[in-house]
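Report on the structure
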Amino acid sequence: MSRVYNFSAGPAVLPEEVLKTAAAEMLDYHGCGMSVMEMSHRSKDYQNIIDTAEADFRELLNVPDNYKVLFLQGGGNTQFAMVPMNLMKNKVADYILTGQWAKKAAKEAEMYGKVNIIASSADKTFSYIPDLTNLKISDDADYVYICQNNTIYGTTFKELPDTKGKTLVSDVSSMFLSEPMDVSKYGVLWGGVQKNIGPAGVTIVVIREDLITEDVLPGTPTMLRYKIHADNKSLYNTPPCYNIYICGLVFKWLKEMGGLSVMKERNEEKAKVLYDFLDASNMFHGTVVPKDRSLMNVPFITGNEELDKKFIAEASAAGFKNLKGHRTVGGMRASIYNAMPKEGVEKLVEFMDNFEKNNK
Ligand SMILES: *Cc1c(COP(=O)(O)O)cnc(C)c1O
């Protein structure tokens, strides 16, 4: 067996220990005589799996008691609709545009109410986070929406916007559990797990209890109401059982690693290896304003499309996979999530250095 270094933005690398545990438990989960995939979601064994996953997640992220943690389906794109359908009581919301995902979220919300774009970095292909001082928060806004780590462009909010008391909603998909967060600063934070937590098919929503009400937009389907999932502890219908189980194994792994402060340090060290190289290289350049650089997604270019292509092909042949940038940006992108070992980044940098020397 040989495993590659997988720099995919998502679905992405998972901890090898987790995959091994899953493999070992595949045919017979803890003496049940069946795999987790084959279990009733109403069984005691499964209840224990989902309860433990939620408890470990809460412990890792230090989720306050007045927040619900929901394991939902439909991916990030479903949250683009669920957020306005459940929160747009005045039918007004403020959005900060920092990339494709924030744009898509804003566009979806426009179906339900008035969307005010209060800041944007579209003018420079989203290569920076807009100035957050003196944001024109709308008086009647139901919430202020951000995409906190921009998977495609490689920017991240180093501080949160002052929402002047309005509910902050944040898409944290590509930074989920990569560092500690102060959950109490958010009304809702949510993320698809396929970036930094687990297999595609689960979206974790952390939502303050007072925002969970029956008072949703008319026509909101039952499955798109936060309340139905909160009241039923994420078991209103059949959840993505196996995927939640894998997330649970990743939470155990994160706890064993020392929790989110340790992960943050590791992620900072890892990203520094790559950014330091990019800053020193004459061939490879980062595309993001240094102060807004993401620890998770690192886009870079050579400035020559042919050379980019050559690099991606040679890197792939050498076992560094999925380095092609997003189709809307081009160039390269290395996603270096929690499960990417520092060694993977060091080896990538070594490879880039050799490539640079060989292609002068
Ligand atoms: C990948 C991603 C999404 C979209 O997630 P889907 O599960 O594919 O709908 C949304 N937001 C961010 C920040 C992402 O990285």
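Everything in this summary refers to the structure shown in the same document. Here the structure is a predicted model, which is why all the values come from computation and not from measurement.

**Details of the state of the cysteines**
Under the definition given, this model contains zero disulfides. In this structure Cys 32 is not part of a disulfide, and its nearest cysteine sulfur, from Cys 241, lies 13 Å away. Given a relative accessible area of 25%, Cys 32 falls into the partly exposed group. In this structure Cys 241 is a free cysteine whose sulfur lies 12 Å from that of Cys 247, the closest cysteine sulfur available. Taking the relative accessible area as the measure of exposure, Cys 241 reaches 12% and is therefore buried.

**A word on the site of the ligand**
Gly 75, Gly 76, Asn 77, Phe 80, Trp 101, Cys 147, Asn 149, Thr 151, Asp 171, Ser 173, Gln 194 and Lys 195 make up every residue found near the ligand. Here an oxygen atom of the ligand and a side-chain polar atom of Thr 151 are 2.4 Å apart. Interatomic distance of 2.6 Å between a side-chain N/O atom of Asp 171 and a nitrogen atom of the ligand. Across the complex, the protein chains shield 87% of the 390 Å² of accessible surface that the ligand would expose by itself. At four residues, helix H3 (residues 75-87) tops the list of elements feeding residues into the shell around the ligand.

**Notes on the pairing of strand S4 (residues 114-120)**
Of the pairings in the sheet, the one linking strand S3 (residues 92-97) to S4 comprises six bridges and is parallel in character. Along S4, the bridge assignment pairs Leu 97 with Ser 120. Once you follow S3 into helix H4 (residues 100-109) and on to S4, the crossover reads as right-handed.

What counts and how
- Residues numbered from 1 in each chain as written.
- Predicted model: local features only at pLDDT ≥ 70, side-chain atom pairs only at ≥ 80, totals over all residues.
- Heavy atoms only, no water.
- Disulfide = S-S within 2.5 Å.
- Buried < 20%, exposed > 50% of the residue type's maximum accessible area, 1.4 Å probe, protein only.
- Near = heavy atom within 4 Å.
- Polar contact = N/O pair within 3.5 Å; in protein donor to acceptor, adjacent residues only side chain to side chain.
- Areas by Shrake-Rupley, 256 points an atom, 1.4 Å probe, with all protein chains shown as cover.
- Helix = DSSP H or I, 4+ residues; strand = E, 2+ residues; numbered from the N terminus.
- Pairing = 2+ DSSP bridges.
- Right-handed = clockwise from strand over helix to strand, strands pointing away.

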